[in-house]
Amino acid sequence: MYDYPLDPSWSIDEITTVIALYNAVEKAYEGGISRNEFMSAYRAFTAIVDSQAMQKQLDRAFEKASSYSIYKVFKEAQKGVEWIQL
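Residues numbered from 1 in each chain as written. Predicted model: local features only at pLDDT ≥ 70, side-chain atom pairs only at ≥ 80, totals over all residues. Heavy atoms only, no water.

Engineer: Explanation requested: the pattern of salt bridges in the structure shown.
Structural biologist: By the definition in use, this model includes 3 salt bridges. Among the ionic pairs, Lys 27 bridges to Glu 37, the shortest N-O distance being 2.7 Å. Pair noted here: Lys 27 is in helix H1 (residues 12-30) and Glu 37 is in helix H2 (residues 35-48), with a separation of 10 residues, a long-range link. Assessed through its relative accessible area of 39%, Lys 27 is described here as partly exposed. With a relative accessible area of 38%, Glu 37 lands in the partly exposed category. (Salt bridge = Lys/Arg side-chain N within 4 Å of Asp/Glu carboxyl O. Helix = DSSP H or I, 4+ residues; strand = E, 2+ residues; numbered from the N terminus. Buried < 20%, exposed > 50% of the residue type's maximum accessible area, 1.4 Å probe, protein only.)

Engineer: Is there a simple way to explain the packing of aromatic side chains in this structure?
Structural biologist: Working definition: an aromatic ring pair is given by the centre-to-centre distance plus the angle between the planes. All told, the structure shown has 7 aromatic pairs when counted by the stated rule. Ring centres of Tyr 22 and Phe 62 lie 4.5 Å apart, and the angle between their planes is 10 degrees; this geometry places the pair in the stacked category. With Tyr 22 in helix H1 and Phe 62 in helix H3 (residues 52-66), this pair connects stretches of sequence that are 40 residues apart. Take Tyr 22: its relative accessible area is 0%, and that puts it in the buried class. Where Tyr 42 meets Phe 45, the ring centres are 6.2 Å apart and the plane angle is 40 degrees; that geometry is what we call tilted. Linking Tyr 42 with Phe 45, this pair stays in helix H2, spanning 3 residues, or about one helical turn. The pair Tyr 42 / Phe 45 is uniform in exposure class, with both members buried. In textbook terms, an aromatic cluster arises when at least three aromatic residues are bridged by ring pairs, as seen for Phe 38, Tyr 42, Phe 45 and Phe 74. (Phe/Tyr/Trp six-rings, centres within 6.5 Å; stacked < 30°, edge-to-face > 60°.)

Engineer: Is there a simple way to explain the side chain of Glu 76 in this structure?
Structural biologist: When you line up the elements, Glu 76 lands in helix H4 (residues 70-78). Judged by relative accessible area, which is 19%, Glu 76 ranks as buried. When neighbours within four sequence positions are excluded, Glu 76 is seen to be in contact with Val 81, Ile 84 and Leu 86. (Contact = heavy atoms within 4.5 Å.)

Engineer: Just checking my understanding: could you explain the layout of surface pockets for this structure?
Structural biologist: Gaps between atoms show up when a probe of the same size as a water molecule is rolled over them. Computed from the structure, the largest pocket encloses a volume of approximately 240 Å³. Listed by contribution, the elements that provide at least two residues to the lining of the largest pocket are H2, H3 and H4. Counting residues per element, the lining of the largest pocket draws most heavily on H3, which supplies 5 residues. Broken down by class, the residue content of the lining of the largest pocket amounts to 5 nonpolar, 2 polar and 4 charged. (1 Å grid on protein atoms, 1.4 Å probe; cavity = no way out; pocket = protein on both sides within 12 Å on 5 of 7 lines; lining within 4 Å. Points joined across faces, edges and corners; volume = space filled by probe spheres on them. Nonpolar A, V, L, I, M, F, W, Y, C, P; charged D, E, K, R; others polar.)

Engineer: I keep staring at H2 and nothing clicks. Help me out?
Structural biologist: An α-helix turns once per 3.6 residues; consequently, residues spaced three or four apart project the same way. The end-to-end C-alpha distance of H2, which contains 14 residues, comes to 20 Å, matching closely the 20 Å that a straight helix rising 1.5 Å per residue would cover. When we look at burial in H2, the residues that qualify are Phe 38, Met 39, Ala 41, Tyr 42 and Phe 45. The buried residues of H2 occupy an angular sector of 160 degrees when the element is viewed end-on, so they sit on one face. Residues of H2 that are exposed and point more than 90 degrees away from the buried face comprise Asn 36, Arg 43 and Ala 47. (Expected span 1.5 Å × (residues − 1). Arc of directions from axis to C-beta.)

Any functional reading would require information beyond the geometric quantities listed.
Next up, the structure:
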């Protein structure tokens, strides 16, 4: 178990959305996820965390805690594959 990196200033809805992205990344590593499902979670995440610097900071913190990378899953999704599994 590990703690998700979250910003205490976020609302409950924003936290839920960010955790949904973390869950999508976990799915990509632990069995796979459809590109559409991941990209939907990713777009919702970027609507909340619109700063690329903050996105990178959260990705590093999440990877440090879980060994899963948001960036790597996103790069795989950009290849246009229908199923992402790392």
